[in-house]
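# Structure at a glance
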Amino acid sequence: MKLIATKHEKSAKYDALRCIRANGTETATKMPRQGILPHDLIHYVVETALGYEYGFLGLVAKGSEIALVMEQSHDIQNETLAAQTIHAEAIVESLQAQLWNGQFDQDQFLIGIESACAIRGQQAPDLRFIDPQVDLYDAVSVLSQTWNQVPFYGQLELDM
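The notes below deal with the structure included here. (Residues numbered from 1 in each chain as written. Predicted model: local features only at pLDDT ≥ 70, side-chain atom pairs only at ≥ 80, totals over all residues. Heavy atoms only, no water.)

Before going further, it helps to examine helix α6 (residues 132-149). One turn of the α-helix equals 3.6 residues, which is why residues spaced by three or four share an orientation. With 18 residues, α6 should reach 26 Å at 1.5 Å per residue; the first-to-last C-alpha distance of 25 Å fits that figure. When α6 is considered as a whole, its buried residues turn out to be P132, L136, Y137, V140, S141, L143, S144 and W147. Sitting at the amino-terminal end of α6 is D131, which places a side-chain oxygen 3.1 Å from the backbone nitrogen of Q133. (Helix = DSSP H or I, 4+ residues; strand = E, 2+ residues; numbered from the N terminus. Expected span 1.5 Å × (residues − 1). Buried < 20%, exposed > 50% of the residue type's maximum accessible area, 1.4 Å probe, protein only. Polar contact = N/O pair within 3.5 Å; in protein donor to acceptor, adjacent residues only side chain to side chain.)

Attention now moves to the pairing of strand β4 (residues 155-159). Here β4 shows a buried face lined by L156 and L158 and an unburied face lined by Q155, E157 and D159. The sheet contact formed by strand β1 (residues 2-6) and β4 spans 5 bridges and is antiparallel. From the neighbouring strand, L3 faces β4, where its bridge partner is L158. (Pairing = 2+ DSSP bridges.)

Here we take up the pattern of salt bridges. Considering all chains together, one arrives at 8 salt bridges under this definition. Note that D15 is salt-bridged to R33, the shortest N-O span being 2.7 Å. Linking D15 in strand β2 (residues 14-20) with R33 in the loop between β3 (26-32) and α1 (39-50), this pair joins segments that are 18 residues apart in sequence. With a shortest N-O distance of 3.7 Å, E53 and K62 are connected by a salt bridge. What you see here is one network of salt bridges that share partners, running through K2, E157 and D159. (Salt bridge = Lys/Arg side-chain N within 4 Å of Asp/Glu carboxyl O.)

Turning to unusual backbone geometry, a few remarks are in order. Of note in this structure, Y153 is not a glycine but carries a positive phi near 75 degrees. Here Y153 is to be found in the loop between α6 and β4. By relative accessible area, which is 61% here, Y153 ends up exposed.

Let's shift gears to the pairing of β3. Only one face of β3 is covered, namely the face carrying T27, T29 and M31; the face carrying E26, A28, K30 and P32 is uncovered. The pairing of β2 with β3 spans 7 bridges and is classified as antiparallel. Bridge pairing in β3 links L17 to T29. Between β2 and β3, which pair antiparallel one after the other, the connecting turn spans 5 residues, and G24 there sits at a positive phi close to 95 degrees.

A few words on the packing of helix α4 (residues 83-101) against helix α5 (residues 106-119). In the contact formed by α4 and α5, the axes pass within 8 Å of each other and the chain directions differ by 140 degrees. With respect to α5, the element α4 is oriented oblique. Judged by the twist between their axes, the crossing of α4 over α5 is right-handed. Here α4 contributes I86, H87, A90, I91, E93, S94, L95 and Q98 to the contact with α5, which in turn contributes Q108, F109, G112, I113, A116 and C117. Here the residues of the contact of α4 with α5 are counted per class, giving 8 nonpolar, 5 polar and 1 charged. (Axes fitted to C-alpha atoms, helices over the stretch in contact; angles between N-to-C directions. Parallel < 35°, antiparallel > 145°, perpendicular 65-115°, else oblique. Left-handed = near helix turned anticlockwise from the far one by under 90°. Contact = heavy atoms within 4.5 Å. Nonpolar A, V, L, I, M, F, W, Y, C, P; charged D, E, K, R; others polar.)

These values are about where atoms sit, not about what they do.
Set out below in structure tokens:
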């Protein structure tokens with residue numbers, strides 16, 4: 001799937017994400033500006049690094065519309081979600097907190113994941129096979145720098 005993130009004018013509150021699936025179908029959404037890398041682009045790093053097929057973007061790649069996946073994956077009462085969907089969302093949320101903090105604190109990162117998963121009735125994912133700082137935080141930081149260099153009205157394309 002190809003992700004095309006478009007940065008709108010300087011005063012915009014939202015940028016845009018368009019997803020073009022392997023079969024040519026598309027879906028799109030607004031990405032709120034939050035002062036850090038957009039939430040949906042953090043999903044790209046997390047799901048790519050962890051090989052998730054059933055995270056937010058994985059479900060979009062399989063044919064789901066972004067709005068539906070967004071609604072379902074943010075509903076903490078939804079018991080039908082796959083573990084990967086919950087894990088991806090929890091990891092992204094915890095990474096966002098780290099980005100807002102401006103530095104990586106592994107203990108706080110893991111506590112954030114555990115809390116987000118517990119609220120959703122799920123065990124935290126096993127991240128022992130990766131280095132969370134290098135594989136997630138540093139990768140998100142690099143993508144954030146790349147995104148910050150995209151000019152207004154410019155685009156960033158990513159392949160998933």
